[in-house]
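# Structural overview
Here is what each chain is made of, one letter per residue.
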Amino acid sequence: MEKKDIRALSKEDLRLFFEQNGDKAFRGNQVYEWLWNKGVHSFDQMTNISKEMRERLNKHFVINHIKVDTMQKSTDGTIKNAVKLHDGFFVESVLIPTETRVTACVSSQVGCSLDCKFCATARLKRMRNLNPDEIFDQVLTIDAQSRLFFGKPLRNVVFMGMGEPLMNYNNLLKAIEKIINSDSLAITPKRITVSTSGIPKMIRKMADDQVKFKLAVSLHSAIAEVRTKIMPFNEHFPLEELRQSLQYWYNKTKSRITYEYVVWKGVNDQKKDVEALIQFCKFAPSKVNLIEYNPIDEGLFQQADYSALTMYQTMLKNAGITVTIRHSRGKDIDAACGQLANKI
């Protein structure tokens, strides 16, 4: 009989298991704490559970924890992990350090079903969604790496790794709940950002669910034909629908929207592109992160001249829109999303 992953059980399920096996229900609470607060990988580590009951747990269940298969460390401190899952698939996670904080960038799916032309992950077929525990494990692993290499705990989490988080929405919410409530992590919702390519229906659902984490949108152009060239799925989720869903989000949550925006040479580096972005941003308080591109090949998408970035920055500031330039990290390793997994 195939063993079930114990982390698929709720706390109530665990309490019931112990009751049905002649033990006290509160033992289920203890096991739950070992799994989600302390992140153990073996039943033998659960020292306040009797040896007999640990053997029984081992007979019925497994803990399908992730394993770091390959780790690359950049000269700027960035760490890229190729993470092996229990079924042999790979995803990626990244530790991004600064002087003031450490951020984890984690994946939500194996591969991706979207078709962003600039992204290495888009070259990987979406195989499956990640389970909540697999998402949680990435964060716990990066927290351990942060403590080991930088002497401080993880403070921020961004869902900007492999996959589209809103296409794995239920598991995403369960994972975030564990990340927030774990004693070992205790990361507050305001330090968690979910980045989406723009799924209007799911953005509205997030607003209805009154989630407390931050929302970022991978936009890259506010001109429909340009965005479709960059992100072909834009034909199915038009910019106007996206704008309406974001307005709904803001009306419900009063939370500022962050736009992630890469400027490419010959693609979206003209004055008209900035003007369209300014118009798109006007309906709600927003922030634009201009991201330096980490090329995945020698093809169409190459970093724009710095003068284009400064043009964006000046025009956005003059329009009263908060803007920052985010420089690329891990240039000397496979730090772009999907680069490392493509090599395995």
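The rules behind each value
- Counting restarts for each chain, with residues numbered from 1 along the sequence as it is written.
- Given that this is a predicted model, residues contribute local features only at a pLDDT of at least 70 and side-chain atom pairs are listed and counted only at 80 or more, while totals for whole chains, interfaces and linings are drawn from all residues.
- Hydrogens are left out, water is left out, and the side-chain values use all remaining heavy atoms of the structure.
- Strands here mean DSSP runs of E at least two residues long; helices mean DSSP runs of H or I at least four residues long; both are numbered from the N terminus.
- Here the term buried applies to any residue with accessible area under 20% of the maximum for its type, exposed to any over 50%, and partly exposed to those in between, with areas from a 1.4 Å probe on protein chains only.
- Strands pair, by our definition, only if DSSP identifies at least two bridges between them.
- If the strands point away from the viewer and the path from the first strand over the helix to the second runs clockwise, then the crossover is right-handed.
- Each aromatic pair joins two rings of Phe, Tyr and Trp (for Trp, the six-membered one) with centres within 6.5 Å, and gets the label stacked for planes under 30 degrees apart, edge-to-face for over 60, and tilted for any other angle.
- Note on geometry: a ring has a charge over it if NZ (lysine) or CZ (arginine) is within 6 Å of the ring centre and within 35 degrees of the ring normal.
- A side-chain nitrogen of Lys or Arg and a carboxyl oxygen of Asp or Glu constitute a salt bridge if their distance falls within 4 Å.
- Residues belong to one nonpolar core when they are buried, are Ala, Val, Leu, Ile, Met, Phe, Trp, Tyr or Cys, and are joined through side-chain atoms within 4.5 Å.
- The contact criterion used throughout is that any non-hydrogen atoms of two residues lie within 4.5 Å.

Before going further, it helps to spend a moment on unusual backbone geometry. Although it is not a glycine, Gln-210 adopts a positive phi angle of roughly 55°. With respect to the element layout, Gln-210 can be found in the loop between α6 (200-208) and β11 (214-218). Backbone geometry at Lys-254 places phi at a positive 60°, although glycine is not the residue there. One can find Lys-254 in the loop between α8 (239-253) and β12 (257-262).

Inspection of the secondary structure assignment puts Ser-195 in strand β10 (residues 192-196). It is 24 Å that separates the C-alpha atoms of Ser-195 and Gln-72, two residues lying 123 residues apart in sequence.

In terms of burial, β10 is largely enclosed, as five of its five residues are buried. Covered by surrounding structure in β10 are Ile-192, Val-194 and Thr-196 together with Thr-193 and Ser-195, the residues of both alternating faces. Across three bridges, the pairing between strand β9 (residues 156-159) and β10 is parallel. Bridge assignment links Phe-159 to a residue of β10, and that residue is Val-194. At this point the chain moves from β9, through helix α5 (residues 169-181), to the parallel β10, and the crossover so formed is right-handed. Here four bridges tie β10 to β11, and the two strands are oriented parallel to one another. Each residue of the ladder has a partner; that of Val-194, found in β11, is Leu-215. Taking the sense of rotation as the criterion, the β-α-β connection linking β10, α6 and β11 turns out right-handed.

Turning next to the packing of aromatic side chains. For the structure shown, the criterion picks out twelve aromatic pairs. With 5.8 Å between their ring centres and 90° between their planes, Phe-17 and Phe-18 make a pair best called edge-to-face. Note on accessibility: Phe-17 and Phe-18 belong to one class, buried. Here Phe-118 and Trp-264 contribute two aromatic rings whose centre-to-centre distance is 5.0 Å and whose plane-to-plane angle is 40°, an arrangement assigned as tilted. Residue Phe-118 is located in the loop between β7 (109-110) and β8 (128-129), and its partner Trp-264 is located in the loop between β12 and α9 (271-281); the two are separated by 146 residues in the primary sequence. Trp-264 gets classed as buried once you look at its relative accessible area, which sits at 0%. Here the aromatic cluster, defined as three or more aromatic residues joined through ring pairs, consists of Phe-118, Trp-264, Tyr-293 and Phe-301. Over the ring of Trp-36 we find Arg-7, and its NZ or CZ is 5.7 Å from the ring centre. Across the ring face of Trp-34, the terminal group of Lys-38 is positioned such that the distance to the ring centre comes to 4.0 Å.

Quick look at the pattern of salt bridges now. Counted according to the given criterion, the structure contains twelve salt bridges. The partner of Arg-27 in a salt bridge is Asp-23, with the nearest N and O atoms 3.8 Å apart. Judged by relative accessible area, Arg-27 falls into the partly exposed class, the value being 23%. Residue class for Asp-23 comes out partly exposed when judged on its relative accessible area of 24%. A salt bridge links Glu-52 to Arg-56; the shortest N-O distance between them is 3.9 Å. Taken together, the residues Glu-52 and Arg-56, both in helix α3 (residues 51-60) and four residues apart, mark about one turn of the helix.

Counting buried residues in strand β13 (residues 286-291) gives five out of six residues, a clear majority hidden from the surface. Pairing of β12 with β13 involves six bridges; the strand directions are parallel. Looking at β13, one finds that Val-262 is bridged to Ile-291. Once the chain exits β12 it traverses α9 before rejoining the sheet at β13, and the crossover so formed is right-handed. In this structure, β13 lies alongside strand β14 (residues 322-326), joined through five bridges in parallel fashion. Bridge pairing in β14 places Asn-289 opposite Thr-324.

The next thing to look at is the nonpolar core. Counting 103 residues, the largest nonpolar core has Met-46, Phe-159, Leu-246, Tyr-259 and Val-288 as the members making the most contacts within it. In terms of residue count, α9 provides more of this core than any other element does, six residues in total. Not counting residues within four places of it along the chain, the set of residues in contact with Phe-159 comprises Val-106, Ile-135, Pro-165, Leu-172, Ile-176, Ile-179, Ile-192, Thr-193, Val-194 and Ser-195.

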